[in-house]
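# Close look at the chain arrangement
Here is what each chain is made of, one letter per residue.
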Amino acid sequence: MKFQAPKGTRDFYPAEMARRSYILDAWRRVSQRNGFEQVDGPIFESLDLYKVKSGDGIVSELFHFEDRGGRELALRPEFTPTLARMVAAQANALPKPIKWFSTPNLCRAERPQRGRLREFSQWNVDILGLDDSVTDAECIFTAVDLMSELGLTPKHVRVKISHRQTVRNILAKLGVTDADMPAAFNLLDRMDRLPREEVLTEASRIGLDELAVRMFQEFGKDKYPCDQDGVIAAIRSKLVLDRGDPSVVDFETLGTELETFGIADWCEYDLSIVRGLAYYTGTVFEIHEASGAERAMAGGGRYDGLIKMFGGPATPAVGFGMGDVVLMNVLADKGLLPDSEKVSPRPDVFVIEVTGYTTKSLKIVSSLRKQGVHARFSYKTTRNLGKQLKEAAACCARYALIVDERIIEQDVAGLKNLSTGEQSDVSVKEEHMDDLAARLGHREP
RNA sequence: GUGAGCGUAGCUCAGUUGGUUAGAGCACCGCGUUGUGGUCGCGGGGGUCGGGGGUUCGAAUCCCCUCGCUCACCCCA
């Protein structure tokens, strides 16, 4: 019997794990400097939790099972329901605004393809309890901060921003009824990928006449930079909305905030961004690879109604999720995913023993380790110095400590800097191990 | 769920119209030079040719099924 990892899952051998940690560490570092606190929940939840938000249709898309008590459970396909449940349960006790992040593993019973697996990690960042658009901007800033942290630039990726309410109002002006609104959003989402005639057919089905279809297509395909005066006005004139329309004011304010945060050059308005049909109420955004080659790297927006849906008090909220799969694809394509050696823990010292005093050298190893030094040694039987130096170099050790017969008479050993090749003698007397550990433990930037 | 293209060693691949015990490079492990680095030499482990069935005297090679991978569609929280 030969076993292999289940379809759509990954094994992380040390080299892959080092790269994965590189991403997860960046997520945590960026979250924390933006003022977010880490949370987590169970990896499985009651199946109903997901039905509440997404309807019964979601069940076929997730891994679900029954426990021995007949309870219906599901592996989490997303984190937001858990977050909503947690916030709803203690809404009154939590200081506002709530700024939380998490990096859960999620499972979806989908067919794997490029950028999409059955198990993946996702970075979730949310701000709850404030409806100020500065929090929308702060979420986008945090996402951009991460991109920047990993070496990406506005040339590599674009933040595409839309506004649910603005789009809804435009569609209403064009003649779409409330009943047809979901279909209209769905069409808007797919418009880029559909042939023109099909767009026309579907548009007429939801009550859009010839002129309306043209306008519909027009605003769906145009992209506007966020950093120029008057763009909002340009959009507004095209989009037949009144100057005082609250959603436009809101949208406009966000643009100003993005400029204030200094990230307007990463962003553009793109009203074809829809984000499914779910629970978004205001700002929505996605981050894409600039050429549009990959699927979305991140997506999010404002969801002011969700906490109430989960039994909590009405709580405004904004947030986004970013998966590791597309992110790593994009980084790899741009040559920005470091080699595993560059992001793997590097030994401070490799203790080499050439004369047979194994006990002495092992004592040095354990003494250094007790003081926090990353120390390794060879398990080979050979005493050959060249071979052991090669092994030390292969694991990228900073120093080699060469223990020879002088350990007996003088308590000294050779310390060789493996990047410069310089070598000098150091004392390995018991009372001097502190000094040696301090010297070896000092990490160059 | 639908469709297409791929499955030979850990990795990249060779393997003639079906023909003896299925190969190479890299990687891994060991040994060698009585003491200074990714060399070099020698040796070693590792493959039921994804799995099952069929055709045939004979299948890595031809046919069917199945599993997996990759890509696209559906969907995308």
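Computed from a predicted model, the values in this text were never measured in an experiment.

Conventions and cut-offs
Numbering of residues starts from 1 in every chain and runs along the sequence as written. Here the convention is simple: chains get letters from A, ligands get numbers from 1, in the order in which they are written. Totals for whole chains, interfaces and linings use all residues, but because this is a predicted model, local features are given only for residues with pLDDT of at least 70 and pairs of side-chain atoms are given and counted only at 80 or more. Excluded from the side-chain calculations are hydrogens and water; all other atoms, namely the structure's heavy atoms, are used. Working definition: helices are DSSP H or I runs of at least four residues, strands are E runs of at least two. Numbering for both runs from the N terminus. For this measure, only C-alpha atoms enter the radius of gyration; the expected value for a globule follows 2.2 Å times N^0.38, where N is the number of residues. Note on exposure labels: buried denotes an accessible area under 20% of the residue type's maximum, exposed denotes more than 50%, and partly exposed covers the range between, all computed with a 1.4 Å probe on protein chains only. Contact between two residues is taken to exist if any of their heavy atoms lie within 4.5 Å; hydrogens are not considered. Values of accessible area rely on a 1.4 Å probe in the Shrake-Rupley scheme; residue burial ignores everything except the protein chains shown. Working convention for charge: Lys and Arg count positive, Asp and Glu count negative, and His plus the chain ends are omitted. The location of each charge is read from NZ of Lys, CZ of Arg, CG of Asp or CD of Glu. For this purpose, a residue is taken to be near a molecule or strand whenever a single non-hydrogen atom of the residue falls within 4 Å of it. Contacts described as polar in this section are N or O atom pairs within 3.5 Å, which, within protein, must combine one atom able to donate a hydrogen with one able to accept it, while residues neighboring in sequence count only if both atoms come from side chains. Each residue is assigned to one of three groups, with Ala, Val, Leu, Ile, Met, Phe, Trp, Tyr, Cys and Pro labelled nonpolar, Asp, Glu, Lys and Arg labelled charged, and all others, Gly among them, labelled polar. The rule for pairing is simple: two strands pair if DSSP sees at least two bridges between them. Here an angle of 0 to 180 degrees is reported between the N-to-C directions of two axes, which are lines fitted to C-alpha atoms, with helices fitted over the stretch in contact. Residues enter patches when they are more than 30% accessible in relative terms and free of salt bridges; like-charged ones are connected within 9 Å and nonpolar ones (Val, Leu, Ile, Met, Phe, Trp, Tyr) within 5 Å. The working definition used for a salt bridge is a side-chain nitrogen of Lys or Arg within 4 Å of a carboxyl oxygen of Asp or Glu. For this analysis, a ring pair means two rings from Phe, Tyr or Trp (six-membered ring only for Trp) whose centres lie within 6.5 Å, classed as stacked if their planes differ by under 30 degrees, edge-to-face if by over 60, and tilted for the remaining angles. Counting as a charge over the ring demands two things of the Lys NZ or Arg CZ atom: a distance within 6 Å of the ring centre and an angle within 35 degrees of the ring normal.

### Quick word on the overall build of chain A
- For chain A, the count of helices and strands is 17 helices and 18 strands.
- Taking 22 Å as the expected radius of gyration for a compact globule of 445 residues, we find that chain A reaches 28 Å, considerably beyond that expectation.
- Each principal axis of the C-alpha distribution contributes one length, and for chain A these read about 95 × 60 × 45 Å.
- Classification of the 445 residues of chain A by burial places 47% in the buried group.
- Taking the intrachain contacts of chain A between residues at least 6 apart in sequence as the baseline, contacts between residues at least 24 apart amount to 69%.
- A total accessible area of about 21,900 Å² is found for chain A, and carbon and sulfur atoms account for 50% of it.
- Positive and negative charge centroids in chain A, built from 59 and 66 side chains respectively, lie 5 Å apart.

### Points about the side chain of glutamate 138
- With respect to the element layout, glutamate 138 can be found in helix H4 (residues 133-149).
- What glutamate 138 contacts, discounting residues up to four positions off in sequence, is Asn34, Lys99, Ile127 and Phe261.

### Remarks on the protein's contact with RNA strand B
- Near RNA strand B there are 36 residues, and of these Glu78, Arg116, Thr381, Glu405 and Leu418 occur at the shortest range.
- Atoms of RNA strand B within 4 Å of the protein: sugar and phosphate make up 35%, bases the balance.
- Separating a base nitrogen of RNA strand B from a backbone N or O atom of leucine 418 is a distance of 2.5 Å.
- When grouped by side-chain class, the residues that make up the surface near RNA strand B number nine nonpolar, nine polar and 18 charged.

### Some words on the sheet that holds strand E16 (residues 399-403)
- The sheet built from five strands is open, its strands ordered E15-E14-E16-E17-E18 with mixed pairing. Two strands bound the open sheet, and with one partner strand each, they are strand E15 (375-377) and strand E18 (423-427). Across the sheet, the axes of successive neighbouring strands diverge by a mean angle of 30°, strand direction being ignored.
- Two strands pair when backbone bridges link them, and strand E14 (residues 349-353) and E15 are joined in this way by three bridges, in the parallel orientation. Within E15, the residue paired with valine 349 across the bridge is alanine 375.
- Its contacts with the sheet put helix H14 (residues 358-370) on E14, E15 and E16, and the angle it makes with E15 is roughly 155°.
- Most of the contacts of helix H15 (residues 385-394) go to E14, to which it runs at about 165°, and overall it touches E14, E16 and strand E17 (412-417).

### A few points about a nonpolar patch on the surface
- On the surface, Ile43, Phe44 and Phe65 cluster together into a nonpolar patch covering about 290 Å² of accessible area.
- Turning to its location among the elements, isoleucine 43 is positioned in the loop between strand E1 (37-38) and strand E2 (44-46).
- The class for isoleucine 43 is exposed, based on a relative accessible area of 53%.

### So, the environment of threonine 80
- Tracing the backbone through its elements, the reader meets threonine 80 in helix H3 (residues 80-90).
- In the structure, threonine 80 is positioned 48 residues away from leucine 128 in sequence and 12 Å away in space, judged by C-alpha atoms.
- With sequence-adjacent residues up to four places away left out, threonine 80 is seen in contact with Asn124, Tyr279, Tyr303 and Leu306.

### Observations regarding unusual backbone geometry
- Look at the link from lysine 96 to proline 97: it is a cis peptide, with omega at -5°.
- In this fold, proline 97 is placed in the loop between H3 and strand E5 (98-102).
- Non-glycine residue cysteine 396 carries a positive phi angle of around 65°.
- With respect to the helices and strands, the residue cysteine 396 is situated in the loop between H15 and E16.
- Residue cysteine 396 is classed as partly exposed on the basis of its relative accessible area of 28%.

### Concerning the packing of aromatic side chains
- Evaluation of the coordinates by the stated rule reveals nine aromatic pairs.
- Taken together, a centroid distance of 4.6 Å and an interplanar angle of 70° make the contact between phenylalanine 251 and tyrosine 269 edge-to-face. Highlighted residues: phenylalanine 251 in helix H10 (residues 246-260) and tyrosine 269 in strand E10 (residues 267-270), separated in sequence by 18 residues.
- For phenylalanine 251, a relative accessible area of 3% corresponds to the buried category.
- According to the relative accessible area criterion, tyrosine 269 is buried, its value standing at 2%.
- A ring pair is formed by tyrosine 279 and tyrosine 280, whose centres lie 4.9 Å apart and whose planes are at 35°; its orientation type is tilted.
- By relative accessible area, tyrosine 280 is classed as buried at 12%.
- Through a chain of ring-to-ring contacts, the aromatic side chains of Trp27, Trp123, Phe285 and Phe320 assemble into a single cluster.
- Stacked on the ring of phenylalanine 36, the Lys or Arg lysine 99 has its end atom at 4.6 Å from the ring centre.

By themselves these figures say nothing about function.
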